[in-house]
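What the coordinates show
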Amino acid sequence: THLARLMRARHPDVLDLLQAHQVHEETLDAVINSLKRLGVNFDLVYRANLRSAARYDLVVSVGGDGTLLQASHVVEDVPVLGVNSDPRRSEAVFCAATGHNFTRVIHQALAGRLEACRLYRLQVSLNGRRMGPLVLNDVLIAHDDPATMSRYHLKIGLRQEDQKSSGLWVATAAGSSSAILAAGGRRLSWMTKRFQYRPRELYQGRLNRYRLTGRILSMGEPVAVTWLMREGAVFIDGPHVRFGLRFGDRLVVRLSPRHPLRLLGVHAFRP
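So, a few notes on the structure that sits alongside this text. The shown structure was predicted, so the numbers you read here are calculated from the model rather than taken from an experiment.

**Here we look at the layout of surface pockets**
Picture a little ball the size of a water molecule; that probe, rolled over the atoms, points out where space is still empty. Approximately 1400 Å³ is the volume found for the largest pocket. Lining the largest pocket are 48 residues, and of these Asp43, Val59, Val60, Ser61 and Val62 lie nearest its centre. Sorting the residues of the lining of the largest pocket by element identifies helix H2 (12-37), strand E1 (59-63), helix H3 (65-72), helix H4 (102-110) and strand E17 (261-264) as the ones contributing at least two each. With 9 residues, the single largest contributor to the lining of the largest pocket is H2.

Here you go:
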C-alpha cells in the first residue's frame, strides 16, 4: 500500500505517526497496569466496539477528545474519566489525566474525590423520531459533498428563513470552543444550560438578506431545519456518526434536560 511504501522509505510524517501510536500504546499499558495493581475489575474495549456502559461504575477513555466523544455516546449516567494518551500532540480538553498521573487521578476517582462537571447535551429528532446518541460537542447539517452549497429552511422561535451556506452548526456549551467558534460563535461556560447555532459561510447575494446568523439559545428553544436538497447529511460529534437527509426531511435539535455527561476532574470553562 501507499502507507507501507512510505514506511519503508522512512518518510518523516509516517515515522511521527508510528511514534504517536507507540506513545498511545505506552499510555494504555500504564492505565491497564494501574487498574490491575488496584484490583479493579475492568473490560478493555476498542472505541468502535462500544455498545452500552450501563452496567459499569466508571468509563475511562484513553486517547483524545475524539475517543471521549465516541465513548460519551454510550453513556447516560455513568461518570467518565478522560486520559490524554499523547499530551504533546493532543489538546484533549475533556481529559483530566495522562499516563504519568493516572494512578493518582484514578485513586481520587475511585474514592469519590474528583469533582464531576455536568455537561448538557443535544438531542436530535428526524421527522418526529429521535435519532442517534446524545450529542456532547456539536451537530453539523450539510451536504455530503463539502464543495456543494447547502440549502435549507431554518426556524428559530417565530423567525424563519431559507438559507444557502456551507452548512449549519449547532453546538453545546462544551462544544463552543470547537468548530462553531471558528465559524464566529461564542465560547460559553461548559455547565450552562444553553447552546448555540451558527451557519457557516452564508452565501451573500442580491437575493439574500439573512437575519438568523447565530444566537445563544436556552433549553426551551429548539433549532428546526427543513432540508431543501436531494442529498444531505447530519454529522454528530464528528464524522463517525452520520445520518442521510432527503428533500423535505425535518430536523429538530434541542438541548436535553436529561442525562448530562458527568465528566470527572476537568475544570469547567467559565468565560
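Okay, back to it.
**Concerning H3**
In terms of residue burial, H3 counts as a mostly covered element, since 7 of its 8 residues are buried. Residues of H3 that are buried include every one of Asp65, Thr67, Leu68, Leu69, Gln70, Ala71 and Ser72, and no others. Contact partners of the buried residues in H3: E1, strand E2 (80-84) and E17.

**Regarding the side chain of histidine 143**
Relative to the helices and strands, histidine 143 resides in the loop between strand E7 (138-142) and strand E8 (150-156). According to the relative accessible area criterion, histidine 143 is buried, its value standing at 14%. A distance of 2.9 Å separates a polar side-chain atom of histidine 143 from the backbone nitrogen of aspartate 145. Once residues lying within four places of it in the same chain are set aside, the contact partners of histidine 143 are Thr148, Met149, Ser150, Trp227, Met229, Glu231 and Gly232.

**A few points about the sheet that holds strand E16 (residues 250-255)**
Spatial ordering of the open sheet is given by E6-E5-E16-E13-E8-E9, a layout of 6 strands whose pairing is antiparallel. The open sheet is flanked by strand E6 (129-135) and strand E9 (159-165), the only strands paired with a single partner. With direction set aside, neighbouring strand axes in the sheet form an average angle of 25°. Across 7 bridges, the pairing between E8 and E9 is antiparallel.

**Observations concerning the sheet that holds strand E12 (residues 215-218)**
Here 6 strands make up an open sheet; going across it, the order is E12-E11-E10-E7-E14-E15 and the pairing antiparallel. Here the strands that pair on one side only, and so sit at the sheet edges, are E12 and strand E15 (241-245). Neighbouring strand axes in the sheet, compared pairwise and without regard to direction, differ in orientation by 20° on average. Both strand E10 (residues 168-172) and strand E11 (residues 194-199) contribute to a ladder of 5 bridges, which runs antiparallel. The partner of tryptophan 169 across the bridge, within E11, is arginine 198.

**Observations regarding the packing of aromatic side chains**
Under the counting rule described, the total for this entry stands at 1 aromatic pair. Relative to tryptophan 190, the ring of phenylalanine 94 lies with its centre 5.3 Å away and its plane at 50°, an arrangement referred to as tilted. Remark: tryptophan 190 occurs in the loop between helix H5 (179-182) and E11 and phenylalanine 94 occurs in the loop between E2 and strand E3 (97-98); sequence separation between them is 96 residues. Each member of the pair, phenylalanine 94 as well as tryptophan 190, is classed as buried.

**Considerations on the packing of H2 against H4**
Relative orientation of the contacting elements H2 and H4 amounts to 50°, with a least axis distance of 10 Å. Overall, the two elements H2 and H4 adopt an arrangement that is oblique. Here H2 and H4 pass one another in a crossing that is right-handed. Taken together, the residues of H4 that come into contact with H2 (itself represented by Val31, Ser34, Leu35 and Arg37) are Phe102, Thr103 and Ile106. Its residues assigned to classes, the contact of H2 with H4 shows 4 nonpolar, 2 polar and 1 charged.

Conventions adopted
- Residues numbered from 1 in each chain as written.
- Predicted model: local features only at pLDDT ≥ 70, side-chain atom pairs only at ≥ 80, totals over all residues.
- Heavy atoms only, no water.
- 1 Å grid on protein atoms, 1.4 Å probe; cavity = no way out; pocket = protein on both sides within 12 Å on 5 of 7 lines; lining within 4 Å.
- Points joined across faces, edges and corners; volume = space filled by probe spheres on them.
- Helix = DSSP H or I, 4+ residues; strand = E, 2+ residues; numbered from the N terminus.
- Buried < 20%, exposed > 50% of the residue type's maximum accessible area, 1.4 Å probe, protein only.
- Contact = heavy atoms within 4.5 Å.
- Polar contact = N/O pair within 3.5 Å; in protein donor to acceptor, adjacent residues only side chain to side chain.
- Pairing = 2+ DSSP bridges.
- Axes fitted to C-alpha atoms, helices over the stretch in contact; angles between N-to-C directions.
- Phe/Tyr/Trp six-rings, centres within 6.5 Å; stacked < 30°, edge-to-face > 60°.
- Parallel < 35°, antiparallel > 145°, perpendicular 65-115°, else oblique.
- Left-handed = near helix turned anticlockwise from the far one by under 90°.
- Nonpolar A, V, L, I, M, F, W, Y, C, P; charged D, E, K, R; others polar.

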